Amino acid sequence: MIFMIRSINTVNKNMNILQKKLENTNANIANVNTPGYKFQDIVQSTNESQEMFNYTGGADGNTRVDLGNFIYSNRIDDAVISFEPGNLYETDKETDYAIAGNGFFTVRMADGQLGYTRNGNFRLNDENQLVTTEGYQVLSDDSKGDAAYPGYSLLITDFDDYDDLVSIGDTLFVSNDQGYTIQNSDVRQGFLETSNVTIVDEIVKLIEISREFESNQKLLHAADETLNKAVNEIGRV
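Values in this document were obtained by computation on a predicted structure and should not be read as measured data.

As for the pairing of strand β7 (residues 104–108)
A regular strand carries its side chains on alternate faces of the sheet.
Then comes step 1: Of all the five residues making up β7, four are buried; the element is thus mostly covered by neighbouring parts of the structure.
Then comes step 2: For β7 and strand β12 (residues 156–158), the ladder comprises two bridges, and the chain directions are antiparallel. Along β12, the bridge assignment pairs F105 with I156.
Then comes step 3: Across four bridges, the pairing between β7 and strand β8 (residues 114–117) is antiparallel. Paired with V107 across the two strands is G115, which belongs to β8.
Then comes step 4: The hairpin turn running from β7 into β8, its antiparallel successor, is five residues long, and G112 in that turn takes a positive phi close to 90°.
Then comes step 5: Taken together, the two bridges between β7 and strand β11 (residues 137–138) define a ladder with antiparallel strand orientation. Bridge pairing links R108 to Q137 in β11.

Below, the structure is given as structure tokens:
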């Protein structure tokens, strides 16, 4: 009976992981047309096996019987963002920008903190300054870090380790590392960068997740029926 309860708990944990993977894949698909979006993947691993045993009844009541090793569940290790660049395409809009190469547009958020994005789908605010879709100021590369206007040279920041970047939105990142400025970066006005989501790959992931959900539901149903049968038989003894 304990084994059945453990099995139900293991399947439940696996289904929770599948739910997280489903949410992540749906987010990637939803942003396939978002300029500069970087897809995220869920990395999971199997927990270490644990030794199982019990004690026999009757005359051998104090004898330990080893049942072997049992793996209770999987776990999510990390959510990894791919910073592979997307393709550039021309829009001819003066407020659209794309970076050909490494680096991020640097923006100043409402609280004064700096943010970083590859999404150059900017617009103009009431002061004719370039701002992101969220309304954050896009910074120019002058020494003062002033707000940028159309035609200005933009501040492009890059990092030695992209693992230091923390996603706080679909295309916006922050970092405790100040990074470094890329001089003479290849910024193209009138262009945008596509997302790096490969829609076929994401659809394949959806199919795989759906099949895993179905398999786990069958296992859960079988374990539940076995447990109910065991409880009812004990009740009749």
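Considering the environment of V138
Then comes step 1: Note that V138 resides in strand β11.
Then comes step 2: The class for V138 is buried, based on a relative accessible area of 0%.
Then comes step 3: With 18 residues separating them in the primary sequence, V138 and G120 have C-alpha atoms 9.5 Å apart.
Then comes step 4: Setting aside its immediate chain neighbours within four residues, V138 contacts T106, V107, F122, L130, V131, T132, D146, A147, A148 and L154.

The rules behind each value
Residues numbered from 1 in each chain as written. Predicted model: local features only at pLDDT ≥ 70, side-chain atom pairs only at ≥ 80, totals over all residues. Heavy atoms only, no water. Buried < 20%, exposed > 50% of the residue type's maximum accessible area, 1.4 Å probe, protein only. Helix = DSSP H or I, 4+ residues; strand = E, 2+ residues; numbered from the N terminus. Pairing = 2+ DSSP bridges. Contact = heavy atoms within 4.5 Å.

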